[in-house]
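# Chains, contacts and geometry: an overview
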Amino acid sequence: MTLPTSPELESIKTLKQIAREEFILPGTAICGGCGGLEALRLAAKVLGPKTVFVNAAGCFTLLATFPYTPFKGSWLYTTMASAAAGAQGVRDALDVLIARGKLPAEDDVEVVVVAGDGSTYDMALSSTSGALFRGLDFWYFCYDNESYGNTGMQMSSATPYGARTATTPVGVKARAGTEHGKKDLFEIWRAHRPAYLATVSPRFPIDLTNKFLKAKTLCGPKLFIAHAPCPTGWLYDPEQTADYARLAVETGIFALKEAVDGAVTHTYVPRRHRPVEEYLQGQGRYRHLFEPTRNEGALRQIQDQVDRYWAEVHETTGAAR
Ligand SMILES: Cc1ncc(C[n+]2csc(CCOP(=O)(O)OP(=O)(O)O)c2C)c(N)n1
Ligand code: SF4
């Protein structure tokens, strides 16, 4: 289909309405079954070819390895802590060129940060906070694989409680692996009152597409946290990525929501959430919670946390159960 281009972008209702054209081509060095790449592929279909991706060091570094690129847009590579600062530089340069008449306004491009959770939740938090504070007109796409994936699955502050990582192995004392909870980046970003903020899943392409379409009508910071199932780090078969992406949402572990100027809406609320065990089981990073004996305490803690989150959502929004 041809994407609507007016400021009134229409939301879609069916998969058939998603653009067939690809703006990220196959054949990259990224792992097969990478959930983050699938989410970015879908996002790129809305962003279109007039895009400059500003990428922090991480797995997606492997996407554009000179002289090869799968992108129809442009690519700028930055350090882990400075992608948002890089985006500011690109945006400023474009604005100056347009103001001086050296770049026609219709040739303007979208400036999109692409970064993993290690950059986003940890190292680049302050540079992103600065860009949000300045109201920079840019996009931020965080593919959240819940670890420093590119360097061997170390714990990041996005790693959930209970997951085993290279730096939080299971031991006699730490029977759950990671004993920290996941940092609530959505709320940290929301406190900055960006123009648009959303979570997305590669297994919910209509929801994802509509969120990008909505953001396209807005000026200012537009932020996305994409759930990014990672077969290589989470230790499951690559063909199961879609299953785990769907189970994360249907168990309630990953909430699909958006915040427009700070006001939060949950965009998909299952009538009844499936037990979290259905999501945890089968992923190697959680195997120790089931074998050789079940860690009932850790499993209960994970379920309780999810239940508490949704009880609060239902209480504050009156959303249907
Ligand atoms: C300051 C700094 N420390 C360490 C590294 C090494 N390094 C390169 S990629 C990477 C992991 C990045 O993790 P994340 O941002 O979560 O992205 P992912 O690898 O999961 O895609 C690390 C630690 C680096 N590039 N810069
Ligand atoms: S390690 Fe995980 S996040 Fe990184 S490219 Fe592979 S599947 Fe994707």
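Residues numbered from 1 in each chain as written. Chains lettered and ligands numbered in written order. Predicted model: local features only at pLDDT ≥ 70, side-chain atom pairs only at ≥ 80, totals over all residues. Heavy atoms only, no water.

With that settled, the discussion passes to the site of ligand 1. Close to ligand 1 lie 16 residues; Cys59, Gly118, Tyr143, Gly149 and Asn150 are nearest. Note that an oxygen atom of ligand 1 is positioned 2.7 Å from one of the backbone N or O atoms of cysteine 59. Ranked by the residues each element gives to the shell around ligand 1, the list is headed by helix 3 (residues 117–123), at four residues. Here the residues of the shell around ligand 1 are counted per class, giving six nonpolar, nine polar and one charged. (Near = heavy atom within 4 Å. Polar contact = N/O pair within 3.5 Å; in protein donor to acceptor, adjacent residues only side chain to side chain. Helix = DSSP H or I, 4+ residues; strand = E, 2+ residues; numbered from the N terminus. Nonpolar A, V, L, I, M, F, W, Y, C, P; charged D, E, K, R; others polar.)

Moving on: the site of ligand 2. Neighbouring ligand 2 are Ile30, Cys31, Cys34, Cys59, Asn145, Cys230, Pro231 and Thr232. A class-by-class count of the residues in the shell around ligand 2 yields six nonpolar, two polar and no charged.

Mapped onto the elements of the fold, threonine 199 is located in strand 5 (residues 196–200). Apart from the residues within four sequence positions on either side, threonine 199 is in contact with Phe186, Asp207, Lys211, Ile225, Phe254, Ala255, Leu256 and Lys257. (Contact = heavy atoms within 4.5 Å.)

Strands sit in the order 2-1-3-4-6-5-7-8 across an open sheet of eight strands; the sheet is mixed. The open sheet has two edge strands with one neighbour each: strand 2 (74–78) and strand 8 (263–268). Mean inter-strand twist for the sheet, computed between neighbouring axes without regard to direction, equals 20°. Bridging between strand 4 (residues 139–144) and strand 6 (residues 222–227) involves six bridges; their strand directions are parallel. Looking at the pairing, tyrosine 143 lines up with alanine 226 of strand 6. Helix 6 (residues 205–216) contacts strand 3 (110–116), strand 4, strand 5, strand 6, strand 7 (256–260) and strand 8 of the sheet and is inclined by roughly 170° relative to strand 5. (Pairing = 2+ DSSP bridges. Axes fitted to C-alpha atoms, helices over the stretch in contact; angles between N-to-C directions.)

This part covers the pattern of salt bridges. Following the criterion strictly, the structure yields 22 salt bridges and no others. With its nearest N and O atoms 2.9 Å apart, the salt bridge here joins arginine 285 to glutamate 146. Taken together, the residues span a long stretch of sequence, with arginine 285 in the loop between helix 9 (277–280) and helix 10 (296–317) and glutamate 146 in the loop between strand 4 and helix 5 (185–190) at a distance of 139 residues. One continuous salt-bridge network, built from bridges that share partners, spans Asp243, Arg246, Glu250, Arg274 and Glu278. (Salt bridge = Lys/Arg side-chain N within 4 Å of Asp/Glu carboxyl O.)

Our next topic: the packing of aromatic side chains. Taken as a whole, this structure holds 13 aromatic pairs when the rule is applied. Plain terms: the ring middles of phenylalanine 138 and tyrosine 140 are 6.4 Å apart, the flat faces sit at 85° to each other, and that makes the pair edge-to-face. Of the two residues, phenylalanine 138 and tyrosine 140, both sit in the buried class. Residues tyrosine 244 and tyrosine 279 carry aromatic rings whose centres are separated by 6.2 Å and whose planes lie at 80° to one another, so their mutual orientation is edge-to-face. Of this pair, tyrosine 244 sits in helix 8 (residues 241–250) while tyrosine 279 sits in helix 9, and the two are 35 residues apart along the sequence. An aromatic cluster of three or more residues is present, and its members are Trp139, Tyr196, Phe212 and Phe224. In this structure, lysine 222 is placed above the aromatic ring of tryptophan 139, and the distance from its NZ or CZ to the ring centre is 5.4 Å. A cation sits over an aromatic face here: arginine 285 above tryptophan 234, 3.7 Å from the ring centre. (Phe/Tyr/Trp six-rings, centres within 6.5 Å; stacked < 30°, edge-to-face > 60°. Buried < 20%, exposed > 50% of the residue type's maximum accessible area, 1.4 Å probe, protein only. Lys NZ or Arg CZ within 6 Å of the ring centre and 35° of its normal.)

By themselves these figures say nothing about function.
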